[in-house]
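# Descriptive structure summary
What follows is each chain in one-letter form.
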Amino acid sequence: MISLACLCLAGTAAHAANWSDTSISWRTGNDYREPFNPKDIKKNIFALTSVSGYNYGTNFFNVDLLLSDKNDPASLTQTSGAQEAYVLYRHTLDLAKVSGTSMKFGPVNSVGLTAGFDINTKNDVGYNSRKRMLVLGPTLMWDVPGHLNTSLLLLNESNAPSGAFPPISTVTGRYTYKTHAMLAADWGIPVTSLVSFEGFANFIAAKGKDEVGNDTGAETNIDMQLMLDAGAAMGHAKNVFKVGIEYQYWHNKFGNTSATTGGQGNTAKTPMLRAEYHF
């Protein structure tokens, strides 16, 4: 059901864009964490992001390339760090624009339907994630300066890990978790003419047993940044070159809890530096 709905919404997203914003970005920090790993990890993350809108809705597409240091090794025989690619796509269909009827109530501007997917691949010493996830659910678009959307999404997630050590070494094939819910928010709010407060927050319900029979836990992932329009501050065009600070709090990362990890790497508190160029 989720996959069929996602395909239908993806079909509506093929219309020409009325507006678009594409950017490349870099962020870095020294306090990333990975489940079962007791060490702080340095990562450099490069991203390509595209946001666009058409007559009936919006599209969001992002690709992250995450490069870890040696504390998150690619393998036992390598001193180099793991590499990960994470792809995310969301399409939000504005039901008011489709129907031609206002759906504004109170502080809510409109109501939408959001569908999309997450895909990742990572080479690391223990897990080698191959995540596949479909998402579907309603979205509220709030009447605020800038934008604020909140969504209640159903998630259909699977993975096919291929680690060399037990218990992951005993996993064969693709494992599908219990369908579960996520309360999601994303925002971009101007603070001044040159500074904006941006980010997302995901509150994810437990997804049943994992691929080796452990109970998963509810997950919290909040990523927020204060960005300075550095280009405009130096007299150049607005919304082209931005720099700022970012902070991520990720509890029970990927559903892993203290009970299953021994308190190693399941919670990250990561300050970062960030720069982005829009074109």
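Look up: the structure comes first, before these words.
Below is a summary of the structure that appears in this document.

## Re the overall build of the protein chain
When its secondary structure is counted, the protein chain shows 4 helices and 13 strands. Expected size for 279 residues packed as a compact globule is a radius of gyration near 19 Å; at 20 Å, the protein chain falls within 12% of this value. When its C-alpha atoms are laid out on the principal axes, the protein chain stretches across 55 × 50 × 30 Å. When the 279 residues of the protein chain are sorted by exposure, 44% land in the buried category. Of all intrachain contacts in the protein chain linking residues separated by at least 6 positions in sequence, the fraction that spans at least 24 positions is 58%. As displayed, the protein chain offers around 13,800 Å² of accessible surface, 63% of which is attributable to carbon and sulfur atoms. Of the charged side chains in the protein chain, 22 are positive and 23 negative, and the gap between their average positions amounts to 2 Å.

## Side note on the pairing of strand β9 (residues 180-190)
Of the pairings in the sheet, the one linking strand β7 (residues 147-159) to β9 comprises 9 bridges and is antiparallel in character. The residue bridging Leu154 from the neighbouring strand is Ala181, located in β9. Bridge analysis of β9 against strand β10 (residues 195-204) gives 9 bridges, and the strand direction is antiparallel. Residue pairing in the sheet places Gly188 in a bridge with Glu198 of β10. Between β9 and the antiparallel strand that follows it, β10, lie 4 residues.

## A few points about the packing of aromatic side chains
The geometry of an aromatic ring pair comes down to the distance between the two centres and the angle between the two planes. Summed over all chains, the structure comprises 6 aromatic pairs. Across the ring face of Tyr177, the terminal group of Lys207 is positioned such that the distance to the ring centre comes to 4.4 Å. The side chain of Lys253 reaches across the aromatic face of Trp250, ending 4.7 Å from its centre.

## Some points on the pattern of salt bridges
A full pass over the atoms with the stated rule returns 14 salt bridges. Here Asp118 ties to Arg90 by a salt bridge, and the two come within 2.9 Å at their closest N and O atoms. Here Arg90 lies in strand β4 (residues 83-94) and Asp118 lies in strand β5 (residues 108-123), a separation of 28 residues in the sequence. Taken individually, Asp118 and Arg90 each receive the classification buried, so the pair is uniform in this respect. A salt bridge links Lys207 to Glu157; the nearest nitrogen and oxygen atoms lie 3.0 Å apart. Of this pair, Lys207 sits in the loop between β10 and β11 (219-228) while Glu157 sits in strand β7, and the two are 50 residues apart along the sequence. In this pair, the class of Lys207 matches that of Glu157, namely buried. What emerges from the salt-bridge pattern is a single network uniting Arg27, Asp64, Glu246, Arg274 and Glu276.

## A few points about a nonpolar patch on the surface
Side chains of Trp26, Phe46, Leu65, Val191, Phe197, Met224, Leu226, Ile245, Tyr247 and Leu273 sit close together on the surface and give an oily, nonpolar patch of about 860 Å² of accessible area. Those elements that place two or more of their residues in the nonpolar patch are β11 and β12 (241-251). Mapped onto the elements, Met224 comes out in strand β11. Residue Met224 is classed as partly exposed on the basis of its relative accessible area of 31%.

## Re the environment of Ala218
By secondary structure assignment, the location of Ala218 is in the loop between β10 and β11. Linking Ala218 and Lys253, residues 35 residues apart in sequence, is a C-alpha distance of 9.1 Å. Discounting residues that sit within four places of it in the chain, Ala218 has contacts with Ile204, Ala205, Ala206, His251 and Asn252.

## Let's talk about the environment of Leu93
Looking at the element boundaries, Leu93 is found in strand β4. Since its relative accessible area comes to 12%, Leu93 is described here as buried. Residues Leu93 and Tyr32 lie 61 residues apart in sequence; the distance between their C-alpha atoms is 34 Å.

## With respect to the pairing of strand β1 (residues 19-32)
As defined by bridge partners, β1 adjoins strand β2 (residues 41-54) across 12 bridges and the pair is classed as antiparallel. Paired with Thr22 across the strands is Ser50, a residue of β2. Two elements, β1 and strand β13 (residues 267-278), share 6 bridges in a ladder whose sense is antiparallel. Residue pairing for β13: Ile24 is matched across the bridge by Tyr277.

## A few points about the side chain of Thr216
Tracing the backbone through its elements, the reader meets Thr216 in the loop between β10 and β11. From its side chain, Thr216 meets the backbone nitrogen of Lys207 in a polar contact 2.9 Å long. Within polar-contact distance, the side chain of Thr216 engages the backbone oxygen of Gly208 at 2.7 Å. Excluding residues that lie within four positions of it along the chain, Thr216 makes contacts with Ala206, Lys207, Gly208, Lys209, Asp210, Gly255 and Thr257.

About the criteria used
Residues numbered from 1 in each chain as written. Predicted model: local features only at pLDDT ≥ 70, side-chain atom pairs only at ≥ 80, totals over all residues. Heavy atoms only, no water. Helix = DSSP H or I, 4+ residues; strand = E, 2+ residues; numbered from the N terminus. Rg over C-alpha atoms; globule rule 2.2 N^0.38 Å. Buried < 20%, exposed > 50% of the residue type's maximum accessible area, 1.4 Å probe, protein only. Contact = heavy atoms within 4.5 Å. Areas by Shrake-Rupley, 256 points an atom, 1.4 Å probe, with all protein chains shown as cover. Lys, Arg positive; Asp, Glu negative; His and termini not counted. Charge placed at Lys NZ, Arg CZ, Asp CG, Glu CD. Pairing = 2+ DSSP bridges. Phe/Tyr/Trp six-rings, centres within 6.5 Å; stacked < 30°, edge-to-face > 60°. Lys NZ or Arg CZ within 6 Å of the ring centre and 35° of its normal. Salt bridge = Lys/Arg side-chain N within 4 Å of Asp/Glu carboxyl O. Patch = residues over 30% accessible without salt bridge, like charges linked within 9 Å, V, L, I, M, F, W, Y side chains within 5 Å. Polar contact = N/O pair within 3.5 Å; in protein donor to acceptor, adjacent residues only side chain to side chain.

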